[in-house]
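What follows is the residue order along each chain.
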Amino acid sequence: MDILDTTQGCLLNWESGGDAECRKLVSGPHSNPRDADANATLTTVYHALLSSTLLSWPAKKSLSVDAVIAFVQSVLDHLPSSSAPSEKSPNVVAFGEILVDIIWAIDSELEEIVGDAKNAASLAEQGTMSPATVDQVVKVKGNAEADKLTINSVVRRLLSIGVVDPDMCRERLDLALVANIGLVADKLAFERKEIRTRTALFYKQNKFNLLREESEGYSKLTAELTSNLGPPHSASTGYPSESIEMIEARARPTWERTLGLIGYFDLDPNRVLDIILDVFSVHLTTHHSFFLSLLSFSPWGNQARRGVKQEDMNVEPSPDQYRGKSLTEVLKIAEAQSGAHLDDVNSSNARVLAQVLGFKFTYYQSPDVVETTPRNLYLMTAILIREGFLRLEDLYYHIGPTDEQMAAHHKAYLDNVEARIAGAKVNQLAMAAPLESGGPSASRARPAAAAEPKKEETKVPPNQKLGLLHALLAVGALRPAIAVLSKFPWMVDAYSEIADLMLRILKHSVSPLYDAVAGPKDKAASFTKPRPRYGAAGVVPAPERRPYLTLWAPTPPCTSTLDFIFFFPDWVQRIPLCTSYDDLVDVLEPLMRFVGLHVSRDPAFLGKFLRIGRQHMLTTITIDPETKKPVGTPDPNNPVRQFWFKIVRLYLFRALPLIRGNAVCTVEVWHIVRQFETTLRWQLYGEWKSTTYKTHPELRVRQVQTDRESKGILRRLSHNTIDTLSGTVAKLAHSNPCIFFTNAVNQIMAYDNLAGVVIQALNHSTIMGFDVLLYIILEAFSNPNKDRVKDDGVNTTDWLQSLASFTGMLFRRYSTDFSPLLHYVVHQLHGGQSTDIVVFRELIWKMAGIQPLPSLSDSQVTAMAGGPTLRIEAVASSARGARLDPGDAVHKGPQRLGRALLDSSLALPLLIQVAQQRQACVFRAPDAHLKSLASLFDTTHGVLLQYLELLTTPTIITPEDYARKVVPPLSELNGKYGICAPVCMQIYRPILNKALLAAALALQEKERVASEEAEKRLKAALTAKREPNTSASRVASPNPGAETPANGETTSEAKPSAADAQQADVSMETADGNPWLPELYPYFEEVKKIAPGNAAEVIGPGFYLTFWQMSTYDLSPPTAKYDEECATLRTLSRTEDTLSLQADRSMDRAKRATAGTHRDKRNRINGIVAMLGQELKEQAAARSFTIKRLAREKQHWFSHNPKAATLAQCFIEYCLQPRCLISPMDADFCAQFIKVIHMQGTPGFSTLMCYDKLLGDHVKVVVFSCSEYEARNYGRFLLGILTDISKWCQDEQLFLQENRTKSGGNTTFLPGLQLRWAPIPKPVIGPEDLITWNDFKQVVRKWHRKLNKSLVECIESGEFMHIYNAIVVLKEILPVFPVASVSEFAGASLARSVERFIEKEERGDLKILGRAYYASLKKREPVWAVPHPHPKVALVSSTHGPAFLKLPLSHSTHPRPLRKHQRPLRQQRKQPMAVFQHRMQRTNRLSSLVVRRRCRPSLPLPLRLNFPPPTQVPHPRSPWSAQEPRIL
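What counts, and at which threshold
- Residues numbered from 1 in each chain as written.
- Predicted model: local features only at pLDDT ≥ 70, side-chain atom pairs only at ≥ 80, totals over all residues.
- Heavy atoms only, no water.
- Helix = DSSP H or I, 4+ residues; strand = E, 2+ residues; numbered from the N terminus.
- Buried < 20%, exposed > 50% of the residue type's maximum accessible area, 1.4 Å probe, protein only.
- Contact = heavy atoms within 4.5 Å.
- Areas by Shrake-Rupley, 256 points an atom, 1.4 Å probe, with all protein chains shown as cover.
- Axes fitted to C-alpha atoms, helices over the stretch in contact; angles between N-to-C directions.
- Parallel < 35°, antiparallel > 145°, perpendicular 65-115°, else oblique.
- Left-handed = near helix turned anticlockwise from the far one by under 90°.
- Nonpolar A, V, L, I, M, F, W, Y, C, P; charged D, E, K, R; others polar.
- pLDDT = per-residue confidence, 0-100.
- Expected span 1.5 Å × (residues − 1).
- Core = buried A, V, L, I, M, F, W, Y, C linked by side-chain atoms within 4.5 Å.
- Phe/Tyr/Trp six-rings, centres within 6.5 Å; stacked < 30°, edge-to-face > 60°.
- Salt bridge = Lys/Arg side-chain N within 4 Å of Asp/Glu carboxyl O.
- Arc of directions from axis to C-beta.

### Things to note about the overall build of the protein
Per the secondary structure count, the protein includes 68 helices and ten strands. Across the 1528 residues in the protein, those meeting the buried criterion constitute 46%. Here the contacts in the protein between residues at least 6 apart in sequence split such that 75% fall between residues at least 24 apart. Counting every atom, the protein has about 77200 Å² of accessible surface; 54% of that belongs to carbon and sulfur.

### What about the packing of helix α24 (residues 496-518) against helix α25 (residues 582-592)?
The interhelical angle for the contact between α24 and α25, taken along N-to-C directions, is 165 degrees, at an axis separation of 10 Å. In terms of axis orientation, α24 runs roughly antiparallel to α25. The hand of the α24/α25 crossing is left-handed. On α25, the residues that touch Met 502, Leu 506, Ser 509, Val 510 and Leu 513 of α24 are Leu 584, Val 587, Leu 588, Leu 591 and Met 592. Its residues assigned to classes, the contact of α24 with α25 shows nine nonpolar, one polar and no charged.

### Considerations on the side chain of Arg 702
Turning to its location among the elements, Arg 702 is positioned in helix α30 (residues 697-716). Among the residues examined, Arg 702 registers a relative accessible area of 4% and is labelled buried. The contacts of Arg 702, once residues within four sequence positions are left out, are Pro 657, Leu 658, Arg 660, Glu 709, Leu 732, Ser 735 and Asn 736.

### Brief notes about the confidence of the model for the protein
Taken residue by residue, the protein gives an average pLDDT of 81. The fraction at 70 or more is 84%. Per-residue pLDDT, averaged within each element of the protein, yields its smallest value for strand β10 (residues 1444-1446) (32) and its largest for helix α21 (residues 464-474) (95). Overall, residues 82-86 carries pLDDT values under 50, and its contacts beyond four positions in sequence, including any with other chains, amount to one contact. Contacts of residues 1029-1067 to residues separated by more than four positions or lying in other chains number 20 contacts, the stretch itself having pLDDT below 50.

### Section: the packing of helix α37 (residues 837-848) against helix α42 (residues 893-903)
It is the contact of α37 with α42, at a shortest axis distance of 7 Å, that shows an interaxial angle of 135 degrees. Considered as vectors, α37 and α42 are oriented oblique to each other. Contact residues: α37 offers Leu 843, Ile 844, Met 847 and Ala 848, while α42 offers Gly 893, Pro 894, Arg 896 and Leu 897. Within the contact of α37 with α42, the residues separate by chemical class into six nonpolar, one polar and one charged.

### Side note on helix α4 (residues 65-78)
Along an α-helix, residues three or four positions apart point the same way, because every turn accommodates 3.6 residues. Here α4 spans 20 Å end to end across 14 residues, near enough to the 20 Å set by a 1.5 Å rise per residue. Every buried residue belonging to α4 is among Val 65, Val 68, Ile 69, Phe 71, Val 72, Ser 74, Val 75 and Leu 76, and all of these are buried. Looking at the buried positions of α4, the neighbouring elements they touch are α2 (14-30), α3 (36-51), α5 (90-125) and α6 (131-160).

### Section: the side chain of Thr 1106
In this structure, Thr 1106 sits in helix α51 (residues 1101-1109). Take Thr 1106: its relative accessible area is 2%, and that puts it in the buried class. In contact with Thr 1106, other than residues within four places in its own chain, are Arg 1189, Leu 1190, Glu 1193 and Trp 1197.

### Notes on the nonpolar core
Within the largest apolar cluster, 331 residues are counted, with the highest numbers of intra-cluster contacts made by Leu 384, Phe 781, Phe 1211, Phe 1277 and Ile 1373. At twelve residues, helix α47 (residues 981-1026) tops the list of elements feeding residues into this core. When residues no more than four places from it in sequence are discounted, the contact partners of Phe 1277 are Leu 1216, Cys 1220, Ala 1227, Cys 1230, Ala 1231, Ile 1234 and Leu 1254. Ranked by size, the runner-up nonpolar core spans 46 residues in total, among them Ile 69, Leu 99, Leu 158 and Leu 173.

### Some thoughts on the packing of aromatic side chains
Each aromatic ring pair is specified by the distance between its two centres and by the angle formed by the two planes. One pass over the full model with this rule turns up 50 aromatic pairs. On the basis of an interplanar angle of 75 degrees and a centroid distance of 5.8 Å, the ring pair of Trp 255 and Trp 300 is categorised as edge-to-face. Residue Trp 255 is found in helix α11 (residues 244-264), and its partner Trp 300 is found in the loop between α13 (284-296) and α14 (310-313); the two are separated by 45 residues along the sequence. Like Trp 300, Trp 255 is buried. Both rings, one in Phe 567 and one in Phe 568, keep their centres 6.0 Å apart while their planes meet at 50 degrees; by these two values the pair is tilted. Judged by relative accessible area, Phe 567 falls into the buried class, the value being 0%. Ring pairing ties together the aromatic residues Phe 1103, Tyr 1104, Phe 1107, Trp 1108, Trp 1197, Phe 1198, Phe 1211, Phe 1229, Phe 1233 and Phe 1245, which thus form one cluster.

### Looking at the pattern of salt bridges
All told, the structure shown has 63 salt bridges when counted by the stated rule. Its salt-bridge partner being Glu 698, residue Arg 420 comes within 3.0 Å of it at the nearest N-O pair. Taken together, the positions of Arg 420 in helix α19 (residues 403-425) and Glu 698 in helix α30 put the pair 278 residues apart, joining distant regions of the chain. Under the relative-accessibility criterion, Glu 698 is labelled buried at 13%. Bridged by salt links that share partners, the residues Asp 107, Glu 111 and Lys 148 form one connected network.

### Some thoughts on unusual backbone geometry
For the bond from Gly 400 to Pro 401, the omega torsion is -5 degrees, close enough to zero to count as cis. In this structure, Pro 401 sits in the loop between α18 (392-396) and α19. Even without being glycine, Asp 266 reaches a positive phi, approximately 50 degrees. The residue Asp 266 is located in the loop between α11 and α12 (269-282) in this model. Overall, Asp 266 belongs to the partly exposed group, its relative accessible area being 28%. One non-glycine residue with positive phi stands out, namely Asn 1201, at about 55 degrees. Structurally, the position occupied by Asn 1201 is in the loop between α55 (1155-1197) and α56 (1204-1220).

### Considering the environment of Tyr 814
Locating Tyr 814 in the fold gives a position in the loop between α35 (798-813) and α36 (819-830). Looking at Tyr 814, the relative accessible area reads 8%, which means it is buried. Residues Tyr 814 and Gly 893, spaced 79 residues apart in sequence, show a C-alpha to C-alpha distance of 8.4 Å. Residue contacts for Tyr 814: discarding those within four places in its chain leaves Ile 759, Gln 760, Leu 762, Asn 763, Phe 770 and Arg 896.

### Here's the deal with α11
The end-to-end C-alpha distance of α11, which contains 21 residues, comes to 30 Å, matching closely the 30 Å that a straight helix rising 1.5 Å per residue would cover. For α11, the full list of buried residues reads Ile 247, Glu 248, Arg 250, Ala 251, Thr 254, Trp 255, Thr 258, Leu 261 and Ile 262. Around the axis of α11, the buried residues are gathered within 165 degrees of arc, so they sit on the same side. More than 90 degrees from the buried face of α11, the exposed residues found are Ala 249, Glu 256 and Tyr 264. Trailing α11 by a residue or two, Asp 266 shows a phi angle of about 50 degrees, which is positive.

### Observations concerning the environment of Gln 1174
When you line up the elements, Gln 1174 lands in helix α55. For the pair formed by Gln 1174 and Gly 867, sequence separation is 307 residues and the distance between their alpha carbons is 9.7 Å.

### Digging into the environment of Arg 880
Looking at the element boundaries, Arg 880 is found in helix α40 (residues 877-880). For Arg 880, a relative accessible area of 14% translates into the label buried. Contacts of Arg 880, omitting those with residues within four sequence positions, involve Ala 848, Gly 849, Ile 850, Ile 872, Glu 949, Thr 953 and Arg 1164.

As C-alpha cells, this is what we get:
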C-alpha cells in the first residue's frame, strides 16, 4: 500500500516533478526485475500508470498514452547499457514480460466489464431495471470499449519502441487483442490452427517407435559405454590417470557411435540419455571425467566446457578482488577464475536433462519403492549442475518434498528440540520404576501384558532437497547450494552434515591466509599415521594404508588398512580463497552466516580462524619494539575491532556452549576477547548470560543440560570428590562458564562451606573462565534485589560475607586479573555503599593473609614493635611467613595484590575511600543502635589498618613505591580529601620512618668510620710514643733546652690523637644550628596546616610530628622476641634439613620427590632468620638514633613556654587520646611515650598533671564514646600507665631512681613530677619541687578511687555502651586494678556493683560479658580484698603542719616479727601467704610514714594535705578516706 500511495502522489504532481520522483521509485527495481520484491513494485507502479490512461477506473489525475510511453522510454534510457548492444538486456526482457502480464490483466478485467454490461442490457430489455441504471450501464460499456481501444494503442506503441516481445504477446495476450494490434494476419485461420494443435498435443497418443524399437540397441549402447571407460582415476589423488585431451579423444568417437546406435536401432534419445546417466552414476567414483566429456559432445552438454585446460584456470588473483563485493559476486569471481560460465547454460537442453533426472528422483519418492535415493545419484546431479549441464531451478520442482512440506520438516525439528529440553529437565531417578518390596506378594507371577498390535511402518518420503544440497556442497557447487540454504537456513541446524560440509569449505578458504600468518612450520608426524614398531627381528615398518576413493564428504577417518580420499578433488577449485585480512570480511564471514554457531563442530577450523583473528587484532595496537608491550589505548571504533566484536557476539560465544571440554578453543577465544576493554568484555558476557541461549534451539537445549549438569556436580562436590569431579567442572567451565559459575555463586552465597571446595575444583579452568567468574561475582555483588545488610541496618548479610570470602580465596589461589573488582569497590565506596567494604576486607585477608583487627596476645603485641619480618612471624607466620606452605608460596597472592593496586592506580583511591568511610560510616545510619554503629566503625577501622599493613609491607609494596605511587602530600590528605589528622599521620608514618631509618644507618656508618679512624690515630700515636728517640744519645749529658722541644713535640703529637679519640662521636647538629632533623623539618608547615585545634600553637609542630612519627619500633626493640623467633626458626630449619636428608636416602620414589620441598622450606627459613638478624641491627641503630634525637630536641619542643595544664590538656586531646584508640601497639606506645619524655626530663612537661588528667573524671566520657575495639585499646593504654604508676608506688627506690639522673657526679631532678609550675620554668629543679613518694601514693590512691568511681557509674548507668565498654576496660586493666595495696575498698565496691549488675541485667551479651569479668575478678580476690579490719587510727593535730596519721600505741615505730602465739591464729584463719606478706609490708610502710613525718616537722610539704577536722570521724567502711593532696 505504501508503493501505491507513493505512485498516486506522483500522478497528482506529474507535471511538477512527479514523473522524476516516479522514475526514481522504479529505477532500483528495474536493475533486478526478477527479484520478487522488485517484481511486485514494478507491477504495482505500472499498473497504476496504465490505469490512469483508462476511463473505467477514474483517477484523481489522468495521463495520456503518450505521457506513459514517454515515461517508459525515459526509464529505459536511464538504465545501464548492455555490453552487447545488438541483444536485449535480460532486465529489459523481464520488464517486457511484466508489462505483458499487466496488459493481459487489464484486458481481462475490461472483458469482464463488457460482459457484465451485456448481461445488464438484456435485463434492461426485460424492463427490470430503472432508466438511471440503464444509462449507467450504457456509460460503463462505452468506457470499457474505449479503454480496449486505448489498450490496443498502448501495445502498439510498446511494440514500436521494442519494450515488449511480439512472440511474448502472441503467447500470453488474448487472441482478440493480438489480432487487433496486427500480430495475427488471419484470426479465424489462427483459431483453427490452435484447435488442431491442442487436440494433437493433449488428446492423441504418441506411438513413436513402439514396433520398430529393438532391445539389442540398448545392450550395444551399454557395452559401448563400458568398453570405452578407460583407466580409472588415481586412488591416491582422485584425479584422472590420463590427460583431459586423451579422455576427450576417447569420448568423441564414443558419442559418434552412440549416435549411430540411435539411428540404426531407432532408439529413443531420452532413454539413451537415461541409460548414459545410469552408467555414469555407477562409475561415478572412478570415471566421472569420461562421462562429463561424453556429455559435453552431446546435445545436452555444455559446449563451453570443451577446450578448458587446467593451466588456463590458474590466474594470479588480485588481493583486492573481493573487496566490497556481495557473496554472489564473490562466488561468480571464484567461478570465473576456475573457467566456469554457469550463466551460459542452454535452457532448452538443460530442461531435457533435468526432466530425465527428475523422473529418476520421482521414482524414489513413490511409497511403493523401498530403496532410498542413492548417494551417487545426488552426487552425479550435483556434478552436472556444477559443470553447467543443467540448472538447479530446472530440477528443483522435480525433487521432493515441496517447499510447503519443508515447513513440516522444520516443525518436526523444533518438536524434537522441545522433547530434548523436556527430557533434560526430567530427573531420571524420578522416571525409574519403584523398587519391589520383599514381601510374599513379590513372588507372585504377574499376568503378561497383552501384546500390542504391530503398526504398519509407513515409508517416510525422502528429503531429496537435503540430499542434493549435501551433494552440491560436497562437490563445491557453492552458488546453487547457497541458494538452497538461503531458502531453508534451518537445515544447517536440523542436519549436522550440512554444517560439516560448510566447515570443510571454510577451512579450505581460510588456509592460504592462515599459512601466511602462521608462517612455515615443520609438520610433525601426524597421529593418524602408523609408526614403526619394534619386534623380535628389529624395527618393523608400519604397514601402508591403501588409498580408497569414497563418495562420503567429509571423508571418514582412516582405518588401519584404508586411507579414504574424496573422489572429486576439483571441489576446491571454485571456493573463494582468503589471501588478506580484508577477505575475512568479504568472503569468510558471509559464508559463516550459513553455519552460525555450528562452527563448534570443527575445532581445527575454529583454532585457525581464531589465531588469524588474534593477529588481525594486533594490527590495531601499537607495540613498543623494546618492551614488546602495547602502548596506548586502541581505538574502539576501529573497523577491525568492530568486526571481531561482531564475530565474538554472533559466532564464538554461541559456538562455545556446544564445544564440550575443549580448553584450546576457549583459550584461543580469550586471546581475542582479552584485547577488548573490560566494559566491552562484560557487555559480551552479559549478553551471553541473558540472551544468547535464547537465540537458537540448540542453545536452549544446551542451557537446560548444562544447568542440570552443573547443579548435579555441585551437589556431589566435596573434599573427597574434588579429584574425580575437577575435570568435569573444568569442561563445563570451558564451554558454559556463565551457567556453571552462576549456579556455583548462588550455592556459595547460600552455603559458605562450599567456597573452598569450589575453588579447589577450578584447578583446570582457563583465564577466560576466571574472567567470566569475576563478572558473575560482581553481578551478584551489585544485585539491587538482594538485601546487603541485616535487620539492624548495619551488619552485612551472610550471602555478602560468604561471597566476599570466596572472592578473596579465589584470587589468592589463582593468578588472574582482578582489577575490575578493585574498580568496583572504589566506585561503590565513592557512591556511599559502605557495606561493600567487606569485599575489600576479605580480599586483603585471603590474598595477603592480613587479618582485620586480629586478637593479639601480649607476646604478639610485643613482637609487633619489631620490624616487618618479625611482625609477620609473630602474627601470620603460617599465612605469609616462614611456615607458609610452599604450595601457597608459589601463588604469591600478597605480591599480586600489591602489583594490581599499583598497576591499576587504585591504591590511593582505595586508601582515601576507606579512610573517608571510617569517618563517615557512623553518620550514614543514624537510626541504628549504638552497638551496631560501633560494630560498623570497628569493621571500617579494621579495614583501614589492614590496608595500611598491606601497603607498608616491604615484600608486597616497596617503601619507595608507597611514597611515590600511593601517598599524596600530607596537606593534601587533610585539605583535599578531608581525612582527619591522626589518620593522615598514621598513613604518613611509614614514609617518615623509612627516611629516619636511612638517616640512622648513615649516622651509624659515620660513627663506625669515625671510630675506626680515631682508633687508628690513637694506635699510631701510641706506637710513635713507644719507639726510642734515635736522635738522642744515652751517654750525652741532659740538655734541658733540647729535651723540652723533644718532649713538647711528642706531647703535641699525642694529645690531638687522644682528643680525637674522645670526640669520636658524630654530632647530629646541622650546619645552620637547626635542632630539627632535616628529614622532618620540611614537614613542619604541612603539620601546621593539618594539626587540629590549637595543637600547632600549644604543642608545636616539632613535638606533634615527633609523637605521630614514632612508634614502639623506635622506643623498645623486642630483642628477646628476635632471639626467641630466631631460635625457633633454626630448630625448624634443622628439622627440615633432617627430613630432606631422610627423603634423599629413602627407597620410596614418592618420598624422594619431597626432598626438594623440604630443602626449599629450609632455605626459606634460613633466609628469614638472616632477615631477622639484619632487622634487629637496623632497629638497634634506629633506637640509638631516636634517643639521641630526643635528647637534643626536648629542649626545643616547648621552648615557647606553654602553660603546663594547657600543654597536658592538648597533649592528651590531640596526641594521646586519638592514638591510643587506634591499635594495641599504639596504646602501648602512648603509655611508653609518656614515660620516655618523663625520663628524658623534657622541660615544660608535667608528667604528674598528664597522669592526673588521664585518670580523672573524663574516663567515663571516653568509655562511652568508644567502640568495642577502641575500648579494648583504651583499656590497654590505661593498663600501661597504671603499670608504670604501680611500679613507682610499690618501690620507693625505683621512684627516686626514675625521677632523677646522675651525670658526672651531679644529680639532676626530672621536672615531670613537679607540684608547682611557674610561667617560666625554673632552670634548676630541687628535691623540694618534686612530690614525695608518700604523697605520690596518696595521689595514686585518689586516681584509683576516681577510676573506680567512673567505671562503677558506667556499669550502674544501664546504658549499653557504658556497660559494655566499661567491662571491656576493666578486663584489660584487671592485672593492676583493683589492688588492695593502693585502694583497699575499690575492689569490694567494684565486685558488689558487678554482682548487682549481673543479677538485674537481662540483655544476654552484656550478662555473659559481666559474668566472665566477675569470674576473673573473683580469681584475683586475694589481691584486692580486705580480709580483716585494720587497727583503729586516730587523727592527731600538729602545729608544724597539717594533720597526719598516727598508729596506735601498741605499734612501735619499727615493725617487729609476729609472736609465736600468733602463728596458729594465721594458720587457723587459713589466709594465703601472699595476703599475709602484703599486710605486713603495708604496716611497715605506714609506720615508716609516721616516723619520717615526726622526724622532719619543719620541712614544708610539697602537697597541701587537707584532712578533716580532728573531731570528725572517718567513714567506718573507708578508714583511708582522707582527702588526697591536690596538685597546684
